[in-house]
Amino acid sequence: TTATSSISSTTMRDVPSSTFTVEPTITSTTTAASTTMTTTVSTSPTMTSTSTKTTTSTEFVPPTVPTSMSTTEPDTPKSGPATPSTLAPVACDTITSEFDCTVHPLCSFDFECQTCTNSTCNGQFVPELCTAIDGCVWEDSAEYCHDDTEQLECRRVSDGSKCESEALCSFAATENVCYPTADGAPCFAYWAEADCDAHEECVYYGGILGCRLVNETIACAEYTNEVDCNDADCEFDTSNMYCNVVGEQTPCFRAFATCGERNDCETSDTGLCRDLGYCGNSTSPPTPTTATQPLPTTATQPTATATSTDTALTTQTERSTTTMEATTSITTTTTT
């Protein structure tokens, strides 16, 4: 007696297959590969089971980049800093954008007040831009820009030969510093008390004050502790830990503990204490304006239409669907 049983199943599956293009031309293609596996099992007395399985898999083929494409950016001409001859005249106080203000070398942006102002002499580090501002002078020996009412700061000259070329400056080779000839000695360069006392032009204070000229006036604000402050006939503000001239109030920018109690100070949006009306008549910095962003455009979704038997599906897209068929057959034969 022989009994034969056959089971056959067929599965239909839609596998998306897409082809896309990226400029100039990059194409990705999906290919299919099939593998068939057959297994035969025999048992006693006589029973044979044969199973055939077919598997279809997909393999991704990387996109091919045309050899004509190059990832190296073309060389662009390099340009140096903008000079007055290449800058259009501009009134800095009329610029409302932080970016437009900061990219203009003759303007400076005040982040506290969110306003654009004219750049100052000490804010310029290029000779051409320094001299483009009325009242500014560029010092070649010290390489810095300053107001024409100020004299050259000898201490800012680092080169000995350049220092000696300045009529009002002298160079101390041992200390490697440039100092005003009228001082007689570079007292500021002596850190040890013995070196300071070795020069009659100097007096040693110690601590943060270090070594100073004998006839130099030390401002009350330079004293950092109450004892030294009071000994110098100054007045110490214990609330804000600041040394003032007798009868004067602590500057608002140092009134950390008493800012809210003062009628001549105000707290900024950043939490700092500043003079009342620092940014004009308002008591707080203007709020920066935010550019209005255009609303995003909503893409139209593709529509789908199905037949009554659900055997076909059509979509209004550029994608294509490939139907792949996998068939599995199991046949069992039993003989007795």
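Residues numbered from 1 in each chain as written. Predicted model: local features only at pLDDT ≥ 70, side-chain atom pairs only at ≥ 80, totals over all residues. Heavy atoms only, no water.

Draft legend 1. View of the environment of V245. Locating V245 in the fold gives a position in the loop between β13 (242-244) and β14 (265-267). The spacing of V245 and E235 is 10 residues in sequence and 5.9 Å in space, taken between C-alpha atoms. Beyond its immediate stretch of four places on either side in the chain, V245 contacts C220 and E235. (Helix = DSSP H or I, 4+ residues; strand = E, 2+ residues; numbered from the N terminus. Contact = heavy atoms within 4.5 Å.)

Draft legend 2. Inspection of the pattern of salt bridges at higher detail. Under the definition given, this model contains five salt bridges. The closest approach of N and O atoms between E216 and R212, which form a salt bridge, is 3.1 Å. A residue is classified by how much of its surface remains accessible, and E216, at 32% relative accessible area, is partly exposed. Given the relative accessible area of 13%, R212 is considered buried. The partner of R212 in a salt bridge is E222, with the nearest N and O atoms 2.5 Å apart. You can see R212 sitting in strand β11 (residues 210-213) and its partner E222 sitting in the loop between β11 and α5 (226-231), a full 10 residues away along the chain. Each of E112, E266 and R274 takes part in a single network of salt bridges with overlapping partners. (Salt bridge = Lys/Arg side-chain N within 4 Å of Asp/Glu carboxyl O. Buried < 20%, exposed > 50% of the residue type's maximum accessible area, 1.4 Å probe, protein only.)

Draft legend 3. Region of interest: the confidence of the model for the protein chain. Per-residue confidence for the protein chain gives a mean pLDDT of 73, with 57% of residues at or over 70. Here residues 282-336 is a poorly scored stretch, pLDDT under 50, and it has 95 contacts once near neighbours within four places are set aside; other chains count. (pLDDT = per-residue confidence, 0-100.)

Draft legend 4. Quick peek at the side chain of E139. Assignment of secondary structure puts E139 in strand β6 (residues 136-139). For the buried residue E139, which engages in no salt bridge, the nearest side chain bearing the opposite charge is R156, 9.9 Å off. (Lys, Arg positive; Asp, Glu negative; His and termini not counted.)

Draft legend 5. The state of the cysteines, seen in detail. All chains considered together, the criterion is met by 13 disulfides. What pairs with C113 in a disulfide is C279, and their sulfur atoms sit 1.8 Å apart. Classification of the bridge connecting C113 and C279 rests on its S-S torsion, roughly -80°, and on that basis the disulfide is left-handed. One end of the pair, C113, is in the loop between β4 (107-110) and β5 (115-118); the other, C279, is in the loop between β15 (273-275) and β16 (304-306), with 166 residues separating them in the sequence. Taking relative accessible area as the criterion, C113 reaches 5% and is therefore assigned buried. Here C130 connects covalently by a disulfide to C145, the sulfurs 2.0 Å from one another. (Disulfide = S-S within 2.5 Å.)

Draft legend 6. Inspection of the side chain of N240 at higher detail. Tracing the backbone shows N240 in the loop between β12 (235-237) and β13. For N240, a relative accessible area of 4% translates into the label buried. Within the local environment of N240, its side chain forms a polar contact with the side chain of D237, the two groups lying 2.8 Å apart. With residues up to four places along the chain from it excluded, the contact list for N240 reads T250, R254, A255, F256, A257 and T258. (Polar contact = N/O pair within 3.5 Å; in protein donor to acceptor, adjacent residues only side chain to side chain.)

Draft legend 7. Just the environment of D195, in detail. You can see D195 is positioned in helix α4 (residues 193-197). The spacing of D195 and C211 is 16 residues in sequence and 9.1 Å in space, taken between C-alpha atoms.

Draft legend 8. Structural view of the pairing of strand β9 (residues 177-180). Summarising the sheet, strand β8 (residues 169-172) and β9 pair through four bridges and their orientation is antiparallel. The residue bridging A172 from the neighbouring strand is V177, located in β9. (Pairing = 2+ DSSP bridges.)

Draft legend 9. Region of interest: the packing of aromatic side chains. Within this structure, the stated rule accounts for one aromatic pair. Here F109 and F111 contribute two aromatic rings whose centre-to-centre distance is 5.0 Å and whose plane-to-plane angle is 75°, an arrangement assigned as edge-to-face. The ring of F188 carries R155 above its face, with NZ or CZ at 3.8 Å from the centroid. Cation over ring: R156 sits above Y144, and NZ or CZ is 3.9 Å from the ring centre. (Phe/Tyr/Trp six-rings, centres within 6.5 Å; stacked < 30°, edge-to-face > 60°. Lys NZ or Arg CZ within 6 Å of the ring centre and 35° of its normal.)

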